[in-house]
Amino acid sequence: MSTSLVVWLVVLVALVLVVLALALRIVRQYERGVVLRFGRVVGEREPGLRVLIPVADVMHRVSLRVVTMPIQSQGIITRDNVSVDVSAVAYFRVVDATKSVVAIENVRQAIDQIAQTTLRKVVGQHTLDETLAETDRINGDIRTILDLTTLNWGVEVTLVELKDIQLPESMKRAMAKQAEAEREKRAKIINAEGESLAAEALGQASDVMMAHPLALQLRNLQSLVEIAVDKNSTVVFPAPLMSTIGELGTFLARETAVAANALAAAEASVAKPAPAGQANGHGAPEPRQAVG
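Residues numbered from 1 in each chain as written. Predicted model: local features only at pLDDT ≥ 70, side-chain atom pairs only at ≥ 80, totals over all residues. Heavy atoms only, no water.

Description of the pattern of salt bridges
Next, step 1: Applying the stated criterion to the full structure yields 11 salt bridges.
Next, step 2: The residue Arg79 makes a salt bridge to Glu130 at a minimum N-O spacing of 3.7 Å. Of this pair, Arg79 sits in the loop between strand S6 (67-77) and strand S7 (83-94) while Glu130 sits in helix H4 (residues 128-133), and the two are 51 residues apart along the sequence.
Next, step 3: With relative accessibility at 21%, the residue Glu130 sits in the partly exposed group.
Next, step 4: Glu156 is the salt-bridge partner of Arg93, the closest N and O atoms lying 3.2 Å from each other. Here Glu156 lies in strand S8 (residues 155-166) and Arg93 lies in strand S7, a separation of 63 residues in the sequence.
Next, step 5: A relative accessible area of 31% means that Arg93 is categorised as partly exposed.
Next, step 6: Salt bridges sharing partners connect three or more residues here, namely Arg28, Glu31 and Arg61. (Salt bridge = Lys/Arg side-chain N within 4 Å of Asp/Glu carboxyl O. Helix = DSSP H or I, 4+ residues; strand = E, 2+ residues; numbered from the N terminus. Buried < 20%, exposed > 50% of the residue type's maximum accessible area, 1.4 Å probe, protein only.)

Brief notes about the side chain of Gln116
Next, step 1: Looking at the secondary structure, you find Gln116 in helix H3 (residues 107-124).
Next, step 2: Among residues more than four places away in sequence, those in contact with Gln116 are Ile71, Gln72 and Gln74. (Contact = heavy atoms within 4.5 Å.)

A word on the nonpolar core
Next, step 1: Membership of the largest hydrophobic core comes to 33 residues, with the highest contact counts inside it found for Leu119 and Ile142.
Next, step 2: Examining the composition of this core, we find that eight residues originate from one element, H3, more than from any other.
Next, step 3: Ignoring any residue separated from it by four or fewer positions in sequence, one finds Ile142 in contact with Thr118, Leu119, Val122, Val160 and Leu162. (Core = buried A, V, L, I, M, F, W, Y, C linked by side-chain atoms within 4.5 Å.)

So, the sheet that holds strand S3 (residues 40-45)
Next, step 1: Taken in spatial order, the three strands make up an open sheet running S3-S2-S5, and their pairing is antiparallel. In the strand order of this sheet, the two ends are held by S3 and strand S5 (57-63), each with one partner. Taking each pair of neighbouring strands and ignoring which way they run, the sheet shows an average axis angle of 25°.
Next, step 2: Examined bridge by bridge, strand S2 (residues 31-37) and S5 share seven bridges and lie antiparallel to one another. Each bridged residue has a counterpart across the sheet, and for Arg32 the counterpart in S5 is Val62. (Pairing = 2+ DSSP bridges. Axes fitted to C-alpha atoms, helices over the stretch in contact; angles between N-to-C directions.)

Encoded structure:
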């Protein structure tokens, strides 16, 4: 009698434990529990220890945390017929636990598939330059299109970002040449602007030096100071070219005038006749020779 009682007690305890195991559920803080009773939704359960009716109730736990989902690389042809491989990443979270259980079978797989098709559609509507330069606008367009569909599933797409854009090697070389040519153009423009500014500054400096001749001499002295810093054994002193030419011309004209005066004086002394009585040494004129 005591043995059968013990057996019954053990069976009863086991049955109670089984019922408790079927009836008690724990919902975590980041989850919501969607309860279906005989296949019909009867509500959601908040976080904590929850009691269900065994056999009749079935609870699906739904995570409300943000999910990071990579979008695998897609081969896309842009609007200007350039083939690129684009990969992205999407962030979404469940905002309506009941819809995510009832409206769609597998939320993650569905979002993955629609994200791939949306990425291909949006990028295909832009040129290559727009895809590279306007990624923020493309991200916003993809997110907007995804939200229109996923909100019916109780899911909100919080962020979509293009992660990588792979270009063909030929296109990379062409873009490198274009960038190099653009930089050369900018360098030439900057150089030309610098030459123009330098010419303008030199013109202003020459006007100042013409008005103040001593300024040129001060600049020459400054040049000597700068040359002396290098400790050169030979110093080439820069002289003003125009003043040097003028001084040389003045010198040559002066020397020419002196030489001309000396020559004129010599010719005048040769052409002047000797005084009478001084032709010979005795004070008498020399006798003329008879002409035969």
